[in-house]
Amino acid sequence: MNKRVRTAVAAVAAACAAVVLIPAQARAAEYSSALKIRGVQYDAPGRDSNSCTSGNTRDEYLTIKNYSSRATINLKNYVVKDAAGNRFAFTANHYLQPGDYVKLRGGNGTDSDKYNVVYRDNCNFLWNNDRDTIYLYKPSGSRSDVHAYTRSGSDPDRNGYIRFH
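None of these values were measured; they are calculated from a predicted model. (Residues numbered from 1 in each chain as written. Predicted model: local features only at pLDDT ≥ 70, side-chain atom pairs only at ≥ 80, totals over all residues. Heavy atoms only, no water.)

A. Structural context of the packing of aromatic side chains. Tallied over the entire structure, the rule returns 4 aromatic pairs. Between Y42 and Y149 the ring centres are 4.8 Å apart and the planes differ by 35°, which places this aromatic pair in the tilted class. With a gap of 107 residues between them, Y42 in the loop between β1 (35–41) and β2 (61–66) and Y149 in strand β10 (residues 143–150) connect regions that are remote in the sequence. In this structure, Y42 and Y149 share a single accessibility class: buried. (Phe/Tyr/Trp six-rings, centres within 6.5 Å; stacked < 30°, edge-to-face > 60°. Helix = DSSP H or I, 4+ residues; strand = E, 2+ residues; numbered from the N terminus. Buried < 20%, exposed > 50% of the residue type's maximum accessible area, 1.4 Å probe, protein only.)

What follows is the structure in structure tokens.
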């Protein structure tokens, strides 16, 4: 085999190796946490109004689910953020059994394990109606999950709800 052929064979082998490695690297972006963002009602039904007494911010929510088959997860000190840096920190104990979920709602209300709800106690909308990125951080500060969405690309039926997992 001459030098030119060996060089070509080596280049093809290197290209094939790179193609094999790309899927493994793409999978590495998936976070290993059992706690994931299941879906988001990013656009509350009706006309947006962030009035605490008559608004609809409580109709905007994020669903977080424990996908573990065995572990119970305490949400205390988990943090949810959007692309602009708006944030909500779970400050109280809220336990999610395996397969359980919680809806993080806007507005004011009483948190309830029985009804799987935590209120942000803030009457401003958190999620943008056109596009946003949702980050879920563990108490350690590492990411548990992240999802970006656009109204036009992620919500084909335009109902304001997107399911991720």
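Moving on, there is more to tell.
B. Spatial organisation of the sheet that holds strand β7 (residues 101–105). Across the sheet, which stays open at both edges, the 5 strands sit in the order β8-β7-β2-β1-β11 with mixed pairing between neighbours. In this open sheet, the two edge strands, each paired with only one partner strand, are β8 (117–119) and β11 (161–163). The sheet shows a mean angle of 25° between the axes of neighbouring strands, taken without regard to direction. Where β7 and β8 come together, 3 bridges link them in parallel fashion. Bridged to L104 within β8 is V118. (Pairing = 2+ DSSP bridges. Axes fitted to C-alpha atoms, helices over the stretch in contact; angles between N-to-C directions.)

C. Inspection of the pairing of β7 at higher detail. Both β2 and β7 contribute to a ladder of 5 bridges, which runs antiparallel. By the bridge assignment, Y61 is partnered in β7 with R105.

D. The environment of D59, seen in detail. Among the structural elements, D59 can be located in the loop between β1 and β2. Under the relative-accessibility criterion, D59 is labelled partly exposed at 34%. Between the C-alpha atom of D59 and that of Q41, which follows or precedes it by 18 residues, the distance is 7.6 Å. Ignoring any residue separated from it by four or fewer positions in sequence, one finds D59 in contact with Q41, A44, P45 and R105. (Contact = heavy atoms within 4.5 Å.)

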